[in-house]
Amino acid sequence: MRRTFLFGLACTSLAVAVPALAQEALAPTAAGFPSNGIVLMVIDEPGSADSVYANQLAEAAQPFSPVPIRVEHREDFSNFGTWEAIRWMIDQGPAANDGSVVYVYTVPGSVIDLLVIDMEKELGVGLDDLNVVVSTEQLPYFIHQRADAPWGDTMQEFIDHAKANPGTIRYISGGPGGAQDAAFQWYLRQFDITVNEIIGGGGGARALTVASGEGDVTLSPPDLILPHFDGGKVDVLMMTGDGVAPAPWQAVPNSASFGITGDPWKQIRGIGVPPATPAENRAWLEQLFTTAATQPAYQANRLQVPGLQTTILDAAGTIAIAQKAYDESLPMMKEMGVYWGDQ
């Protein structure tokens with residue numbers, strides 16, 4: 001688990017074209033930050049969801065930045081990449097810790113890592129080291145089932161059947177420790193129902209298993225559901241949270257309509273910096289990326305992602321959701337026997 005990175009950014013680089021400085025470009029701080037370029041680090045491969053996000057955000061931010069913004073891809077981290085990346089940045093010293101290297105995160109997904117691995121022991125980092133600049137979008141999750149389910153095509157019918165037939169509905173799971181499984185397990189407990197859990201691989205494979213009828217139900221982001229929904233293979237039962245479901249699922253109820261409050265389950269994406277970044281520099285970056293994320297052209301590009309909501313959430317709001325997911329997931333992970341502290 002523990003790794004040492006000695007040779008700088010071992011990554012794929014994609015530079016964003018730098019236009020002539022616009023008059024509305026932000027002035028550097030009184031201390032002169034940023035004096036060189038800004039590296040926006042993607043802890044994933046080129047073409048991934050985080051990669052597309054980073055490139056679109058960097059392009060939108062560039063006219064407002066007095067220095068070039070470059071997107072870098074890091075594919076050499078493990079499944080716990082957010083925390084490994086934070087450790088790597090800390091180890092770079094001033095070269096990264098002034099805020100000139102920022103990274104893409106998603107929460108609460110990365111927070112679940114902290115429950116299955118002792119990150120403080122392995123890497124010396126934890127939730128307190130998640131130094132949020134700003135979150136700029138969120139993507140709800142949806143519970144969806146095979147289209148020919150005999151109990152009906154609504155969430156209430158699903159709940160009623162599960163209560164009457166405990167442990168029989170085939171839930172296709174990614175296994176304990178993932179955000180989507182944590183979310184589904186949380187809903188099972190909210191509704192006081194049990195299912196037959198079957199491990200089914202990655203998100204795309206799980207959605208396909210349900211669409212093909214080899215499983216009954218799972219939870220996914222909308223982009224994985226839409227092709228199967230368009231093909232008439234799945235029914236969408238419920239959206240996480242308290243918002244209005246996007247087209248074509250406007251009639252789908254949200255979890256709040258079932259009396260669930262404080263639902264933390266969604267994918268929130270944003271930009272973070274190392275924990276030692278000066279507050280003045282973090283604030284400057286917050287202004288830069290908030291300005292970029294509120295540009296109409298940028299928002300139009302991001303809204304091409306099915307179900308995505310371009311919502312600005314500050315550091316305090318982001319950490320509150322991350323902490324809520326941690327607190328809600330801890331007893332579940334202990335119950336399932338995967339919490340590291342019980343091993």
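In this text the structure is predicted, and so the values were computed from the model without any measurement.

(A) Layout of the environment of P46. Residue position: P46 is located in the loop between β2 (38–42) and α1 (49–61). Residue classification places P46 among the partly exposed positions, given a relative accessible area of 40%. For P46 and I198, which are 152 residues apart along the polypeptide, the C-alpha to C-alpha distance reads 31 Å.

(B) Region of the structure containing helix α6 (residues 155–164). When α6 is considered as a whole, its buried residues turn out to be M155, F158, I159 and A162. Seen from one end, α6 has its buried residues packed into an arc of 95°, which puts them on one side.

(C) Representation of unusual backbone geometry in the model. Between F33 and P34 the backbone carries a cis peptide bond, its omega angle lying at -5°. Assignment of secondary structure puts P34 in the loop between β1 (12–15) and β2. Of the consecutive residues V107 and P108, the connecting peptide bond is found in the cis state with omega at 5°. By the secondary structure assignment, P108 is in the loop between β4 (101–107) and α4 (109–116).

(D) Summary view of the pattern of salt bridges. Applying the stated criterion to the full structure yields 13 salt bridges. Across the pair R87 and D91 runs a salt bridge, and its minimum N-O distance is 2.9 Å. In this pair, R87 and D91 are both assigned in helix α2 (residues 81–91), four residues apart and thus about one turn of the helix distant. Note that R146 is salt-bridged to D148, the shortest N-O span being 2.8 Å. Residues joined by salt bridges that share partners form a network here, namely D50, E137, R269 and R302.

(E) Main features of the pairing of strand β8 (residues 196–199). Relative to β8, strand β7 (residues 170–173) runs parallel, the two being bridged by four bridges. Along β8, the bridge assignment pairs Y171 with E197. Chirality of the crossover, the property in question, places the unit of β7, helix α7 (residues 179–191) and β8 among those that are right-handed.

(F) The arrangement of the packing of aromatic side chains in detail. All chains considered together, the criterion is met by nine aromatic pairs. Seen in terms of ring centroids, Y103 and Y105 are 6.4 Å apart; in terms of plane orientation they differ by 65°. Their pairing is edge-to-face. Exposure class is identical for Y103 and Y105. Each is buried. Cluster of aromatic residues (ring-pair linked, three or more members): F142, F229 and W249.

Criteria and thresholds
Residues numbered from 1 in each chain as written. Predicted model: local features only at pLDDT ≥ 70, side-chain atom pairs only at ≥ 80, totals over all residues. Heavy atoms only, no water. Helix = DSSP H or I, 4+ residues; strand = E, 2+ residues; numbered from the N terminus. Buried < 20%, exposed > 50% of the residue type's maximum accessible area, 1.4 Å probe, protein only. Arc of directions from axis to C-beta. Salt bridge = Lys/Arg side-chain N within 4 Å of Asp/Glu carboxyl O. Pairing = 2+ DSSP bridges. Right-handed = clockwise from strand over helix to strand, strands pointing away. Phe/Tyr/Trp six-rings, centres within 6.5 Å; stacked < 30°, edge-to-face > 60°.

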